[in-house]
Amino acid sequence: MWSSQVSRTRFFSSLPSITSLTNLESQLRAFWKDPDPNISDAISIFHHAIHSNRLPSGSAAAGNFLVDTLSRSKNYELAFSVYTMMTKVGIFTSFVSLSCLVSYFVSTCKPELARGVFGLVLKRGFQLNECVMNLALKGFCSNGEVDKAIELFDVMGRHFVTPSIRSYNILVDGLCKAEKLKEAVELLVDMEMSDFEPDMVTYSTLINGFCKQGRMDEAMGCLKEMRQKGLERDVFVYGALINGFCANGSFDRGKQLFDEMLNNGISPNVVAYSCLINFLSKTGKWKEVSLMVNDMTQCGVPPDAVTYTGILDGLFKNGMATKAMGIFSLMLSKGKEPNIVTYNVMIDGLCKEGLVDDALKILEMMKAKGVKPDVITYNMLLMGLFCDGKVDEAMKLFSKIRNDVNSVEPDVITYNMVILGLCKEGNLDQAMEIYHTMIESGISGSLCTYNTLIDKCLQEGIADKALEFWRHAVDLGVIPNSVTYGVMINGFCKNQMLRVAKGLFSKMRASGISPTVNDYNVLMSSLCKESSLGQARMLFQEMRTANSLPSVVSFNTIIDGILNAGDVKSAKELLEDMFKLGLTPDKITFSTLVNRFAKLGLLDEARMCVEKMIARGIEPDVFVFDSLLKGYISNGETEEIVNLLHRMADKGVNLDKEITSTILVYLCQTSDDVDVMEVLPNFSRETSNGISITCNELLMKVNKSYPELKLRAA
């Protein structure tokens, strides 16, 4: 450090050579006494004195003066270099210089070393004061070590220094920033017990802390105390409260405080206006936004970047991308330079609107203006590119981020965006390569990473790989959530690994995570398919007693399973239960009932279901008609079959391969002389290619070739 600091001050050595010790001393004294000295020259002369090994009597005063002056101008590095030179040649450092040393360590985020200077102060015979202690307290708090600050405060207060209101306020601020509001309030009580009356700064700090955590009742309690004690409430106090209420969705309360501020003769600043404008923008109240902007402009408070950013965010959230682009152009024309948040709002909004090319233009604009994109910027662009299907462009951008030394470091969200995008495109292999790259880069996967990869592996039928990712996540200490279990239960059920799915379901409940309705439905469906109806019914009953009330899908699943087992009575009871729970049977419910009743030969019940279906405004589809036809054919009810075919023709039902086969089976049974291939040669070929034919067209073809069947087309 010594050599680097010396090299930094060599350019000061433009003064004439000083050969006389007397001249050297007089020069130092002159600088010391000058109220506005030339610091560059002073450092140069001091260096000359040090390196010439001729130290005049004014060297100590001059050196201490230089350390103090440099510290006051926040040139801490130069101040420390002068201090270091002094100690190397044995120049006595004053209390002021030692205080400056504390400032240096605080500025370099080394508060522990600042505390070590206290011992040196006491060793030199100096008395510690409240100002020096406050420097160290502020250093610890700024470094996120508020606990050490409180520890120092307690020790110093007991043995060396009487704290001031400033000391307490530093700690209150540190505790609030560390979100330790309980301790901050306890310190407030300690202040009052120590005969220190909390001032405006104390309450302002507490109010700001409470507002940031959404604890508005306590914030208003502090405001009430300020009123009772006659303390001044300034624009910063009101600004914090207005922001807190708006952030909590209580615009009216925020506006009341805004009006109170005006009535008290306090002029709102741009922060107070921006908080209200931001809320109005998000809720789409553009007339009020316009009035508020006009009001602030007339009051001499021009909108700043934060104001414009709030408006832009609201416009995008309300689907007004074109208007947002216009406001952004207006902002630039007014000479208001966007900040990183503004650019990110623009890029995010444009990407979500599918305007990725415009978002990329904003990226180039911010770079041209010297605003460096952050990792959030790139994450939003990656998301936009993948959502727009521009996978190649997304991968090029990702590669650029990783390989450009001047770019930002990708974080876990960056990798998650890429992994998710590749998985959605069906490129699991490349997604897994990106995952391994992430791990090699020293970034551990998050819950989102593993949920995405596990889900895709199970979709692809690679169950062993899904389990491998699961184990890796557990080893890293990643705690599975409801989504993780849901993805795995669904995936293993679809891969016919019901035992694993059941085990995960049990583990999920044992972990204190409540299964979702979908988790129950997936497991019940698989149990029914495996003829484990008893277990499925137990799950269904469990749903009814747990927090997850059965849905229409739940009833459809269990009704289908019960009817498949031939238990008609229970199925009808479940249908009644649906109505009692306020659930309305849907198309699948009726289709299931018709299909199962028809298979059981309960054709009257099947017909009634169709009538109820129509009465509820649900049109029967081809599956329902096919179920009825099969039932009629099994019972040999020719008249019902013909009537149903006519009904289908009247409705213009399009026939799929299944119902076409059913009709042809019936036609074959009707007459031994009927040659189906001769009757419908084109039909068979067309439907095999997935092209449907209307029932009317089918009947016309059959009737034309075989009028003895007496089938009429509509």
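Asks: What am I meant to see in the overall build of the protein here?
Replies: Regarding its fold elements, the protein presents 41 helices and two strands. Evaluated residue by residue, the protein yields a buried proportion of 47% over its 714 residues. When contacts within the protein are restricted to residue pairs at least 6 apart in sequence, long-range pairs at least 24 apart make up 60% of them. Carbon and sulfur atoms make up 52% of the accessible area of the protein, which amounts to about 35300 Å² in all.

Asks: How do you make sense of helix H24 (residues 412-424) when you look at a structure like this?
Replies: Side chains three or four residues apart in an α-helix point the same way, a direct result of the helix having 3.6 residues per turn. With 13 residues, H24 extends 18 Å between its outermost C-alpha atoms, agreeing within 8% with the 18 Å of an ideal straight helix rising 1.5 Å per residue. What H24 keeps buried is the set Thr-414, Tyr-415, Asn-416, Val-418, Ile-419, Gly-421, Leu-422 and Cys-423. For H24, the elements touching its buried residues are helix H22 (375-387), helix H23 (391-403), helix H25 (428-440) and helix H26 (447-459). Here H24 starts with a cap whose side-chain oxygen sits 3.1 Å from the backbone nitrogen of Ile-413, and that cap is Asp-411.

Asks: Whenever I open this one, the packing of helix H18 (residues 305-317) against helix H19 (residues 321-333) confuses me. Can you help?
Replies: Two numbers describe a pair of packed helices, the interaxial angle and the distance between the axes. Where H18 contacts H19, the two axes come as close as 8 Å, and the packing angle between them is 165°. In terms of orientation, H18 and H19 fall into the roughly antiparallel class. Judged by the twist between their axes, the crossing of H18 over H19 is left-handed. Across from Ala-305, Tyr-308, Ile-311, Leu-312, Leu-315 and Phe-316 in H18, the residues of H19 making contact are Ala-321, Lys-323, Ala-324, Ile-327, Phe-328 and Met-331. Here the contact of H18 with H19 is built from residues that sort into 11 nonpolar, no polar and one charged.

Asks: How should I be thinking about the side chain of Asp-348 in this particular structure?
Replies: Its location among the elements puts Asp-348 in helix H20 (residues 340-352). Dropping the residues within four chain positions of it, Asp-348 is found in contact with Met-380 and Met-383.

Asks: What's the story with the side chain of Thr-662 in this structure? I'm lost.
Replies: Structurally, Thr-662 can be placed in helix H38 (residues 657-670). Within the local environment of Thr-662, its side chain forms a polar contact with the side chain of Asp-626, the two groups lying 2.6 Å apart. Here Glu-658 takes part through its backbone oxygen, which lies 3.0 Å from a polar atom of the side chain of Thr-662. With sequence-adjacent residues up to four places away left out, Thr-662 is seen in contact with Asp-626, Leu-629, Lys-630 and Ile-633.

Asks: Is there a simple way to think about the pattern of salt bridges in this case?
Replies: In a structure, side chains of opposite charge can pair up when their charged atoms sit close to one another. Going through the model one piece at a time under the given rule, you end up with 25 salt bridges. Note that Glu-218 is salt-bridged to Arg-215, the shortest N-O span being 2.7 Å. Given a relative accessible area of 29%, Arg-215 falls into the partly exposed group. The salt bridge involving Arg-607 is made with Asp-604; its shortest N-O contact spans 2.3 Å. Of the two residues, Arg-607 and Asp-604 are both situated in helix H35 (residues 603-615); the distance of three residues between them amounts to about one turn of the helix.

Asks: What am I meant to see in the nonpolar core here?
Replies: The nonpolar side chains of soluble globular proteins are, as a tendency, buried together. Ile-207 and Leu-241 are the most contacted members of the largest nonpolar core, which totals 208 residues. In contact with Leu-241, not counting residues within four places along its chain, are Ile-207, Cys-211, Met-216, Ala-219, Met-220, Leu-223 and Leu-257.

Asks: Explanation requested: the confidence of the model for the protein in the structure shown.
Replies: Where the model shows low pLDDT, its predicted coordinates should not be examined in detail. Confidence in the prediction of the protein, expressed as mean pLDDT, is 83, and 84% of residues score 70 or more. Per-element confidence in the protein is highest for H20, whose mean pLDDT is 96, and lowest for helix H40 (residues 681-688), whose mean pLDDT is 36. Ignoring residues within four places in sequence, the model shows residues 1-22, a span with pLDDT below 50, making 34 contacts including any to other chains.

Asks: Would you explain the packing of helix H12 (residues 200-212) against helix H13 (residues 216-228) in this entry?
Replies: With their axes 8 Å apart at the nearest point, H12 and H13 run at an angle of 165° to one another. Between H12 and H13, the crossing angle belongs to the class labelled roughly antiparallel. Crossing of H12 over H13 shows left-handed handedness. Of the residues in H13, those touching H12 at Met-200, Tyr-203, Leu-206, Ile-207, Phe-210 and Cys-211 are Met-216, Glu-218, Ala-219, Cys-222, Leu-223, Glu-225 and Met-226. Of the residues in the contact of H12 with H13, the class split is 11 nonpolar, no polar and two charged.

Asks: Sorry if this is basic, but what is going on with helix H34 (residues 587-599) here?
Replies: Its 13 residues give H34 an end-to-end C-alpha distance of 18 Å, which sits within 8% of 18 Å, the value for a rise of 1.5 Å per residue. Of all the 13 residues making up H34, 10 are buried; the element is thus mostly covered by neighbouring parts of the structure. Along H34, the positions that sit buried rather than exposed are Thr-589, Phe-590, Ser-591, Thr-592, Leu-593, Val-594, Asn-595, Arg-596, Phe-597 and Ala-598. Each element contacted by the buried residues of H34 is listed here: helix H32 (552-564), helix H33 (568-580), H35 and helix H36 (622-635). Just downstream of H34 lies Gly-601, where phi reads positive at about 80°.

Asks: Is there a simple way to think about the environment of Ala-136 in this case?
Replies: By the secondary structure assignment, Ala-136 is in helix H8 (residues 130-142). Here the alpha-carbon distance between Ala-136 and Arg-115, two residues 21 residues apart in the chain, equals 6.5 Å. Beyond its immediate chain neighbours, meaning those up to four positions away, Ala-136 contacts Val-102, Val-106, Phe-118 and Leu-152.

Asks: Is there a simple way to explain the state of the cysteines in this structure?
Replies: The term disulfide refers to a covalent linkage connecting the sulfur atoms of a pair of cysteines. Scanning the model with the defined rule gives zero disulfides in all. With no disulfide partner, Cys-246 has as its closest neighbouring cysteine sulfur the one in Cys-275, 6.1 Å distant. For the unlinked cysteine Cys-387, the closest cysteine sulfur is that of Cys-351, found at 8.6 Å. Residue Cys-387 is classed as exposed on the basis of its relative accessible area of 62%.

Asks: I tried to follow a nonpolar patch on the surface on my own but got confused; where do I start?
Replies: Together, Leu-122, Val-155 and Phe-160 make up an exposed nonpolar region whose accessible area comes to about 210 Å². Relative to the helices and strands, Val-155 resides in helix H9 (residues 146-159).

Reading the values: rules and limits
- Residues numbered from 1 in each chain as written.
- Predicted model: local features only at pLDDT ≥ 70, side-chain atom pairs only at ≥ 80, totals over all residues.
- Heavy atoms only, no water.
- Helix = DSSP H or I, 4+ residues; strand = E, 2+ residues; numbered from the N terminus.
- Buried < 20%, exposed > 50% of the residue type's maximum accessible area, 1.4 Å probe, protein only.
- Contact = heavy atoms within 4.5 Å.
- Areas by Shrake-Rupley, 256 points an atom, 1.4 Å probe, with all protein chains shown as cover.
- Expected span 1.5 Å × (residues − 1).
- Polar contact = N/O pair within 3.5 Å; in protein donor to acceptor, adjacent residues only side chain to side chain.
- Axes fitted to C-alpha atoms, helices over the stretch in contact; angles between N-to-C directions.
- Parallel < 35°, antiparallel > 145°, perpendicular 65-115°, else oblique.
- Left-handed = near helix turned anticlockwise from the far one by under 90°.
- Nonpolar A, V, L, I, M, F, W, Y, C, P; charged D, E, K, R; others polar.
- Salt bridge = Lys/Arg side-chain N within 4 Å of Asp/Glu carboxyl O.
- Core = buried A, V, L, I, M, F, W, Y, C linked by side-chain atoms within 4.5 Å.
- pLDDT = per-residue confidence, 0-100.
- Disulfide = S-S within 2.5 Å.
- Patch = residues over 30% accessible without salt bridge, like charges linked within 9 Å, V, L, I, M, F, W, Y side chains within 5 Å.

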